[in-house]
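Listed here are the chains, written in short residue letters.
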Amino acid sequence: MTNAVVNQQHHQLTPEQQKEKQNNFVTAVAQKIEKMQHLGQISLPGNYSAANALQAAYFTLTAIDFKSKVALIDKVTPESVAFALQDMAIQGLSVAKKQGYFIAYGDKLQFQRSYHGTKAVIKRLTGIKEIWANVIWKGEEFEVEYNERGVLSFKSHKADWRVATGQKEDIEGAYCIIEHEDGRQYLTVMTMAEILTSWSQSSNQSVQNKYPQEMAKRTVINRAAKEFLNTSDDSDLLVDAINRTTENEFEPQVKDMGDVQEVQHEIAQNANTEELDIKPAPAQQPEKVAKKQLEVIDAAPKDDGQAKLVLDEEELGF
Amino acid sequence: MIEIKTIATGSKGNCYRVSDGSTALLLEAGISFKVIQQGLEFKTSEIAGVLISHEHQDHCKGVECCLKRGMTIYMSQGTKDGMSLDNAQIRIIKSKEQFRIGTWTVLPFDVQHDVNEPLGFLLQSDNGDKLLFATDTYYIKYKFTGLTHLMIECNYDQQTLDSNLASGLHPAQYRRVMKSHFSLENLLEFFKANDMSKVEEIHLLHLSDSNSNETYIRQAVARATGKLIYIP
């Protein structure tokens, strides 16, 4: 919030000008994405319009938060906004389709993919046919085996629809399968204990208690995606962006409090940097003034008298 | 000569009386008015103004009563909004816009806390003494010169906070403390960055009951500064 205040003071723009400036900013990112596409650095799906997605993102970012009365875009640095928008566009995702969210960590904006987004992105990697996840309920039979190549693979899952109680306690685990076009399958299994460990990092506890099966699927898909992508030797921009947002996904989040390293970094960056001192008092004490000016570094005595006058008369209200 | 009297400090309430011999001010009014009266030996009419840093209850609980008694309160617009108060005796002050109360020149500055518009104060007396008051901030953006008195928060030391985390402090709370309060470690950095040559007294405020080790903090600050330390 302090940031917002400082921003306003710095720019002194009318709200319209501010909006126009922000909009230009989004347009600039859209142009950059288009250029990358032309140069063949990235390939976006045919039905994806970066301009539309960025416009939608822009509306999300400028929407005034009900509680803090500040738009997200005013809370964070412009560089981080550009970076987050790029992350979104390179992956061909849209916040309008709930494929991701913008989250402020301190004054850095980050794009965090939702699990719809993860699915969409994985499918876009060359050679991936399908990706899906299931929850294993207590009482169901789930079997895995090491196949002829020594890779853990899916054998069978005898599902019983009656045992799907929707309760967290009744989930034994979840698995995700990523299927390659040539039929090879990549299996990721997580026990409930592992899933709970992952959840303990997050602040969405209430969501996880309410919809444990959906959240368990999301967690295992993210785990699968992370392992899959991290071992993929494709080093293009898309994978970079995907990895980055997958990283984001597992970062602990506490409201806007950011994470501990972020706080330490912020302190190291900003603490004790700017000189601040009381401006010399007006003429009534000439001796003091002369003495004090020696030690004042940021002295700007020119409007001192005026500023004080305003304060005396208006602020003190006599 | 600045005289500092701590009426209350810590998360249960903060209130300090500072005087340069001519004008007396209250810094914070985070306790009930009754206790303020007692702390001031019932000489509330001597107080020329009350400066409030932010809207958390432990800093402003007594404000309404102070207003009723006709005291003048200085606070930021954000703090005023946060308290949803409206009273002609409230003066809105802004970061980096200095003003006068009696023999004091007060320069508010922005600090880092999880509220609307928190402030710290640099107070200079006409007799030359300069007092810095900063609390509920996890770092201070600014550097100061010629300070003679420091009233500064030292809420926790990392060692104690870390061991509390290990023994069950919620991680969210752990991060909240780190992103809203001043640690011993950051305070020592602050001492290094600032001109401490003229400092006479250091008052360490707002020590957390559970996250700080007073003996350790006192030793560390003494070693770093060699000044007179008060931990009220």
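Look up: the structure comes first, before these words.
Residues numbered from 1 in each chain as written. Chains lettered and ligands numbered in written order. Predicted model: local features only at pLDDT ≥ 70, side-chain atom pairs only at ≥ 80, totals over all residues. Heavy atoms only, no water.

Caption draft 1: Representation of the overall build of chain A. Counting its regular elements, chain A contains 13 helices and eight strands. Split into buried and exposed, the 318 residues of chain A put 42% on the buried side. The long-range share in chain A, meaning contacts at least 24 apart out of those at least 6 apart in sequence, stands at 61%. Roughly 17800 Å² of accessible area belongs to chain A as shown, and the carbon and sulfur atoms make up 52% of that amount. (Helix = DSSP H or I, 4+ residues; strand = E, 2+ residues; numbered from the N terminus. Buried < 20%, exposed > 50% of the residue type's maximum accessible area, 1.4 Å probe, protein only. Contact = heavy atoms within 4.5 Å. Areas by Shrake-Rupley, 256 points an atom, 1.4 Å probe, with all protein chains shown as cover.)

Caption draft 2: Region of interest: the pattern of salt bridges. Per the counting criterion, the structure on display carries 19 salt bridges over all chains. Across the pair Glu266(A) and Lys179(B) runs a salt bridge, and its minimum N-O distance is 3.7 Å. Placement of Glu266(A) in helix α11 (residues 260–270) and of Lys179(B) in the loop between α6 (171–178) and α7 (184–193) is noted, with the two residues assigned to different chains. Here Lys179(B) falls in the buried class, since its relative accessible area comes to 11%. (Salt bridge = Lys/Arg side-chain N within 4 Å of Asp/Glu carboxyl O.)

Caption draft 3: View of the nonpolar core. Ranked by internal contacts, the top residues of the largest apolar core, which has 31 residues, are Ile33(A), Leu61(A), Leu85(A), Met88(A), Phe102(A) and Leu109(A). Broken down by secondary-structure element, the contributors of at least two residues to this core are α2 (15–38), α3 (50–62), α4 (72–75), α5 (78–90), β1 (100–105) and β2 (108–113) of chain A. Apart from the residues lying within four places of it in its own chain, the contact partners of Ile33(A) are Ile42(A), Leu44(A), Ala50(A), Gln86(A), Ala89(A) and Ile90(A). Ranked by size, the runner-up nonpolar core spans 30 residues in total, among them Leu132(B), Ile152(B), Ile229(B) and Ile231(B). (Core = buried A, V, L, I, M, F, W, Y, C linked by side-chain atoms within 4.5 Å.)

Caption draft 4: Layout of the state of the cysteines. As enumerated under the stated definition, the model contains zero disulfides over all chains in all. No disulfide involves Cys15(B); its sulfur sits 7.4 Å from the nearest other cysteine sulfur, which is in Cys66(B). (Disulfide = S-S within 2.5 Å.)

Caption draft 5: Region of the structure containing the packing of α3(A) against α5(A). All names here are of chain A. Remark: α3 packs on α5, axes separated minimally by 10 Å, with the N-to-C direction vectors making an angle of 135 degrees. Here α5 runs oblique to α3, going by the angle between their axes. When you trace α3 past α5, the crossing you get is right-handed. Counted together, Ala53, Leu54, Ala57 and Leu61 of α3 and Val81, Leu85 and Met88 of α5 form the full contact between these two elements. (Axes fitted to C-alpha atoms, helices over the stretch in contact; angles between N-to-C directions. Parallel < 35°, antiparallel > 145°, perpendicular 65-115°, else oblique. Left-handed = near helix turned anticlockwise from the far one by under 90°.)

Caption draft 6: Structural context of the side chain of Thr137(B). Examined against the element boundaries, Thr137(B) turns out to sit in the loop between β10 (130–134) and β11 (142–143). Here Tyr139(B) takes part through its backbone oxygen, which lies 2.6 Å from a polar atom of the side chain of Thr137(B). (Polar contact = N/O pair within 3.5 Å; in protein donor to acceptor, adjacent residues only side chain to side chain.)

Caption draft 7: Highlighting the pairing of strand β4 (residues 141–146) of chain A. Residue and element names in this part refer to chain A. Here β4 runs beside strand β5 (residues 152–158); their pairing, made up of six bridges, is antiparallel. In the strand pairing of β5, Glu145 is matched with Ser153. Hairpin geometry of β4 and β5 is characterised by an intervening segment of five residues between the two adjacent antiparallel strands and by a positive phi of about 80 degrees at Gly150. (Pairing = 2+ DSSP bridges.)

Caption draft 8: Region of interest: the sheet that holds strand β4 (residues 47–51) of chain B. Residues and elements named next belong to chain B. Taken in spatial order, the six strands line up as β1-β2-β3-β4-β5-β6 in an open sheet, and their pairing is mixed. Lying at the two open borders of the sheet, with one neighbouring strand each, are β1 (3–8) and β6 (90–92). Here the strands of the sheet are splayed against their neighbours by 25 degrees on average, with no regard to which way each runs. Relative to strand β5 (residues 73–75), β4 runs parallel, the two sharing two bridges.

Caption draft 9: Focus on the sheet that holds strand β6 (residues 171–180) of chain A. Residues and elements named next belong to chain A. Overall, antiparallel pairing links the three strands, which are arranged β3-β6-β7 in an open sheet. Pairing within the sheet leaves two strands with one partner each, and these edge strands are β3 (128–137) and β7 (185–191). Neighbour to neighbour, the strand axes of the sheet diverge by 15 degrees on average, direction disregarded. Across nine bridges, the pairing between β3 and β6 is antiparallel. By the bridge assignment, Ile136 is partnered in β6 with Gly173. Where helix α6 (residues 115–124) meets the sheet, it contacts β3 and β6, and its direction lies at approximately 140 degrees from that of β3. Against the sheet, helix α7 (residues 192–199) touches β6 and β7, its axis set at about 80 degrees to β7.

Caption draft 10: Main features of the packing of aromatic side chains. Residues and elements named next belong to chain A. Enumeration over the complete set of coordinates arrives at 13 aromatic pairs over all chains. Pairing Tyr58 with Phe59 gives two aromatic rings, centres 5.6 Å apart and planes at 55 degrees, and the pair type is tilted. Residue class for Tyr58 comes out buried when judged on its relative accessible area of 7%. A relative accessible area of 54% means that Phe59 is categorised as exposed. (Phe/Tyr/Trp six-rings, centres within 6.5 Å; stacked < 30°, edge-to-face > 60°.)

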